[in-house]
Amino acid sequence: MVLQAIVYARGELRILDQTKLPHQEQYDSLRSSIDGWHAIKEMRVRGAPAIAIVATLALAVELETMQTSGKLPETAEEVKEFVHQKLNYLVTSRPTAVNLADAARKLKKIVDAAAAEKDSTGEKVKNSYILAAENMLVDDVRDNENIGRHGAEWIVGNCTSSGEKVSVLTHCNTGSLATAGYGTALGVIRSLHANGSLERVFCTETRPYNQGSRLTAYELVHDNIPATLITDSTAAALVQKENISAIIVGADRVAANGDTANKIGTYALSILARHHGVKFLVAAPRTTIDLATASGEDITIEVRPSEEVRQFRGVKDRGKGDIDSQHWETISTAPEGIEVWNPSFDVTPAELIDGIVTEEGVVEKGHDGVFHLSM
Ligand SMILES: CSC[C@H]1O[C@H](OP(=O)(O)O)[C@H](O)[C@@H]1O
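Residues numbered from 1 in each chain as written. Predicted model: local features only at pLDDT ≥ 70, side-chain atom pairs only at ≥ 80, totals over all residues. Heavy atoms only, no water.

### Examining the UniProt feature "site: Transition state stabilizer" (unreviewed entry) in the chain
(1) Moving on: Per the UniProt record, "site: Transition state stabilizer" (unreviewed entry) is annotated on Cys172.
(2) Moving on: Structurally, the position occupied by Cys172 is in the loop between strand 4 (166-170) and helix 6 (185-194).
(3) Moving on: Residues in contact with Cys172, not counting those within four places in the same chain, are Arg46, Thr204, Thr206, Gln211, Gly212, Thr216 and Lys263. (UniProt positions renumbered as here; feature names shortened; annotations may be inferred. Helix = DSSP H or I, 4+ residues; strand = E, 2+ residues; numbered from the N terminus. Contact = heavy atoms within 4.5 Å.)

In structure tokens form, the structure reads like this:
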């Protein structure tokens, strides 16, 4: 059965609460942009593409409900203004990933055009928004499958001698739980596995939110892909001792020069890769490329609550099938007095990135040593 983090039908949106995984599969209904904002802020849904899709679909559900309950404003201008206001609110949920801001920019243009049409109405503007938001959901899965194909071909062509299987290392979660489906870096890994080229994937636990041990491991077990979970601090020993052909990660924002913001710990992996002569790839749809941001220095890095570091959310396993939310325990692992710095992302400089895998293909640096990116 395909793993679905986002379940959408016109007027209805449900998300798999990722704070409960891997032990509990609970879907939450989102009925408004406020519901969407909180789901993203609380990381019940996370991952750059998934954040954009859930936020924009939450507003689509809100608009559809307004119409079915007779509360949708009559005029095109009023609905256009409402959409602008709600998108401006939604983009404040998390600052680093660019996909939501990119989607908001595109959707504002779409509703502006719909509102400018002769004899436009509130309903016409609403419909233009909903259709565009629904298309983004469909486009994301198609883009991820193309990313997977291009990335797998590149790795086989550049990281192995003919016929050899590859072992790769990945960080955080970039799969069906971070997107509308299939995934970006994990999509490349799925494609390697599907074409028989994957020996094994190693995934880091990705402290402090544990996207790797809780989410990526969950996806790999679900898909029966040969995988080994390691702590973040084991990565260097792994690359030193194992034949790792490539390290492949996702992205939250790729600046115009190729500098890439991704989950904290990514920069360290890029240094490790370069030291050992291992290829380092970033996999992301072009909606993650932000040409308006010149370099990584200009990317806002989200700093999250210190409790995420101090505390560890564990579940008391009382035997199969006996786990539910009341068994969740939050165990404090550090004294209150210690100061905590908890940046959720870091920036990997373009010079340490060997390729950026997009749905159009793998972008490598030119003879001038720089990436030439397009959106
Ligand atoms: C497919 S993009 C996933 C990207 O987002 C993750 O961050 P978070 O879990 O905090 O949303 C991580 O940086 C992944 O690479």
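Now, onward.
### Observations concerning the sheet that holds strand 1 (residues 6-9)
(1) Moving on: In spatial order, the strands read 1-2-3; together these three strands make up an open sheet with antiparallel pairing. Pairing within the sheet leaves two strands with one partner each, and these edge strands are strand 1 and strand 3 (27-29). Each neighbouring strand pair of the sheet contributes to a mean axis angle of 20°, computed without reference to strand direction. (Pairing = 2+ DSSP bridges. Axes fitted to C-alpha atoms, helices over the stretch in contact; angles between N-to-C directions.)

### With respect to the nonpolar core
(1) Moving on: Grouped together as the largest cluster of nonpolar side chains are 53 residues, with contacts concentrated most on Leu13, Leu63 and Tyr129.
(2) Moving on: Elements supplying a minimum of two residues to this core: strand 1, strand 2 (12-16), helix 1 (33-41), helix 2 (48-68), helix 3 (76-90), helix 4 (99-116), helix 5 (122-159) and helix 7 (211-222).
(3) Moving on: In terms of residue count, the dominant contributor to this core is helix 2 (13 residues).
(4) Moving on: Listed in part, the 24 residues of the second largest apolar core include Phe280, Val282, Ala284 and Ala350. (Core = buried A, V, L, I, M, F, W, Y, C linked by side-chain atoms within 4.5 Å. Buried < 20%, exposed > 50% of the residue type's maximum accessible area, 1.4 Å probe, protein only.)

### Thoughts on the environment of Val249
(1) Moving on: Looking at where Val249 falls in the secondary structure, it is placed in strand 7 (residues 246-249).
(2) Moving on: Assessed through its relative accessible area of 0%, Val249 is described here as buried.
(3) Moving on: Taking the C-alpha atoms as reference points, Val249 and Asn262, 13 residues apart in sequence, are found 8.0 Å from one another.
(4) Moving on: Setting aside its immediate chain neighbours within four residues, Val249 contacts Thr170, His171, Ala185, Asn262, Thr266, Phe280, Leu281, Val282 and Ala283.

### A few points about helix 7
(1) Moving on: With twelve residues, helix 7 extends 15 Å from end C-alpha to end C-alpha; this agrees with the ideal 16 Å at 1.5 Å per step.
(2) Moving on: Counting buried residues in helix 7 gives ten out of twelve residues, a clear majority hidden from the surface.
(3) Moving on: Taken together, the buried positions of helix 7 are Gln211, Gly212, Ser213, Arg214, Leu215, Thr216, Ala217, Tyr218, Glu219 and Leu220.
(4) Moving on: Among the structural elements, strand 4, helix 6, strand 5 (198-204), strand 6 (227-230) and strand 9 (260-263) are those in contact with the buried residues of helix 7.
(5) Moving on: Just past helix 7, the residue Asn224 takes up positive phi, approximately 60°. (Expected span 1.5 Å × (residues − 1).)

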